[in-house]
Amino acid sequence: IGTDIVAKSPGDGYTFLVVPAPFTINPTLFGKLPYDALADFTPVMLINTTPLVLVVNPRVPAGSVRELTALARARPGTLNFGSSGTGGSNHLAGELYKSMAGLKIVHVPYKGNAPALTDLVGGHVDLVFNGLTSAIALIRGGKLKALAVTSAKRSSVLPELPTMDEAGLKGFEATAWNGLAGPARVPREIVTRLQGEIVKILANPEVRDRLRADGSDPVGNTPDEFARYLRTETEKWAKVIRFAGVKPE
């Protein structure tokens, strides 16, 4: 609803939208939306990214992504992965893993992130691609075993963990993120000024420390870079959704 309101607002520089990762998932997942996610908006910048972390129950006999992949290939259809719900970022991260590694792993959707993690700790599911922030305590407490992060670079929060790319799945990237966009036809000078002011804020050590405390990395790229990012993410998730046959629930 909020996205549609912004899409139909005048491009006068007074109305903007915080754009999360599902912004690039929904066009394919739902098929028909009351707005065009690319044409009806003016990209401003990518604000921050937050990696997911691949965590498994400690009883799963795999200490790395390569070992988990080998286990899944040896037991097709027997391993399962939980998510916060069908079509969410952590569900599609699992589908991306399946498609890139050529695996048969069963998806188990939950009504939210907390019950998925609870069942992972209890051994009812084998693995989850989970937000880093909510999994850190369980990882450090030994209740979950972390294998990799899903960002392009290692996380400053858990720098010892490899990325999925480093673990052998070249080009794998699936992060939660937030960006900023306005309606179509916001004047370039307004976009440039707003982007520049937010970059200054993101350079503030207190702001950067607060973001990193939540497992997030500040970005602050240009409008053109964010526009390319939105197109790339939309194309990537469209392929994954079609490959997996994901339908909204």
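The rules behind these values
- Residues numbered from 1 in each chain as written.
- Predicted model: local features only at pLDDT ≥ 70, side-chain atom pairs only at ≥ 80, totals over all residues.
- Heavy atoms only, no water.
- Axes fitted to C-alpha atoms, helices over the stretch in contact; angles between N-to-C directions.
- Helix = DSSP H or I, 4+ residues; strand = E, 2+ residues; numbered from the N terminus.
- Parallel < 35°, antiparallel > 145°, perpendicular 65-115°, else oblique.
- Contact = heavy atoms within 4.5 Å.
- Nonpolar A, V, L, I, M, F, W, Y, C, P; charged D, E, K, R; others polar.
- Phe/Tyr/Trp six-rings, centres within 6.5 Å; stacked < 30°, edge-to-face > 60°.
- Buried < 20%, exposed > 50% of the residue type's maximum accessible area, 1.4 Å probe, protein only.
- Polar contact = N/O pair within 3.5 Å; in protein donor to acceptor, adjacent residues only side chain to side chain.
- Core = buried A, V, L, I, M, F, W, Y, C linked by side-chain atoms within 4.5 Å.
- Salt bridge = Lys/Arg side-chain N within 4 Å of Asp/Glu carboxyl O.
- 1 Å grid on protein atoms, 1.4 Å probe; cavity = no way out; pocket = protein on both sides within 12 Å on 5 of 7 lines; lining within 4 Å.
- Points joined across faces, edges and corners; volume = space filled by probe spheres on them.

Enquirer: I'm lost on the packing of helix 4 (residues 89–101) against helix 9 (residues 223–244) in this one. Help?
Expert: Packed helix pairs are characterised by how far apart their axes lie and by the angle those axes make with each other. Two numbers describe how helix 4 lies on helix 9: the axes approach to 10 Å, and their chain directions differ by 75°. As far as their axial angle goes, helix 9 and helix 4 are roughly perpendicular. Contact residues: L92, A93, E95, L96 and S99 in helix 4; W237, V240, I241, F243 and A244 in helix 9. Looking at side-chain class alone, the contact of helix 4 with helix 9 contains eight nonpolar, one polar and one charged residues.

Enquirer: Help me out: how do you make sense of the packing of aromatic side chains in this one?
Expert: What describes a pair of aromatic rings is the distance from one ring centre to the other and the angle between the planes of the rings. One pass over the full model with this rule turns up six aromatic pairs. Seen from their ring centres, W177 and F226 are 6.2 Å apart, and the 85° between their planes marks the pair as edge-to-face. Placement of the pair is W177 in strand 7 (residues 175–183) and F226 in helix 9, with a sequence separation of 49 residues. Residue W177 shares its accessibility class with F226, and that shared class is buried. Counting every residue linked through ring pairs, the aromatic cluster contains F23, Y35 and F41.

Enquirer: Sorry if this is basic, but what is going on with helix 8 (residues 205–213) here?
Expert: Every α-helix carries 3.6 residues per turn, so stepping three or four residues along brings you back to the same face. One side-chain oxygen of the residue at the start of helix 8 lies 2.8 Å from the amide nitrogen of E206, identifying that residue as N204. Of the residues flanking the end of helix 8, it is G215, one or two places downstream, whose phi is positive at about 80°.

Enquirer: Could you clarify how one ought to interpret the side chain of T175 in this entry?
Expert: Locating T175 in the fold gives a position in strand 7. Residue classification places T175 among the buried positions, given a relative accessible area of 6%. Apart from residues lying up to four places away in sequence, T175 is in contact with A21, T49, T50, P51, T150, S151 and Y229.

Enquirer: How should the nonpolar core be read in this particular structure?
Expert: Counting residues in each nonpolar core, the largest one holds 33 residues, and the members touching the most others are L54, V65, L68, Y97, F129, M164 and F172. Elements with a contribution of two residues or more to this core: strand 2 (41–56), helix 3 (65–74), helix 4, strand 5 (127–131), strand 6 (145–149) and helix 9. Top contributing element to this core by residue count: helix 4, with five residues. Sequence-distant contacts of M164, that is, excluding residues within four places in its chain, are made with L54, V65, Y97, F129, A148, V149, T150, L169 and F172. Formed by 18 residues, the second largest nonpolar core is a distinct cluster that contains L120, I136, I139 and A146.

Enquirer: I'm lost on the pattern of salt bridges in this one. Help?
Expert: Note that side chains of opposite charge can pair when their charged atoms are close. Tallied over the entire structure, the rule returns nine salt bridges. The partner of K170 in a salt bridge is D165, with the nearest N and O atoms 3.7 Å apart. With a shortest N-O distance of 3.9 Å, R210 and D214 are connected by a salt bridge. Judged by its relative accessible area of 59%, R210 is exposed. Looking at D214, the relative accessible area reads 39%, which means it is partly exposed.

Enquirer: What is the right way to look at empty space enclosed by the protein in this model?
Expert: A complete count under the given rule lists one cavity of 30 Å³ or more for this structure. A volume near 50 Å³ is recorded for the largest cavity. The wall of the largest cavity is formed by A21, I25, L52, S89, A174, T175, A176, W177, E233 and W237. Counting residues per element, the ones that place at least two in the lining of the largest cavity are strand 7 and helix 9. Element by element, the count of residues in the lining of the largest cavity is highest for strand 7, at three residues. Of the residues belonging to the lining of the largest cavity, the class tally is seven nonpolar, two polar and one charged.

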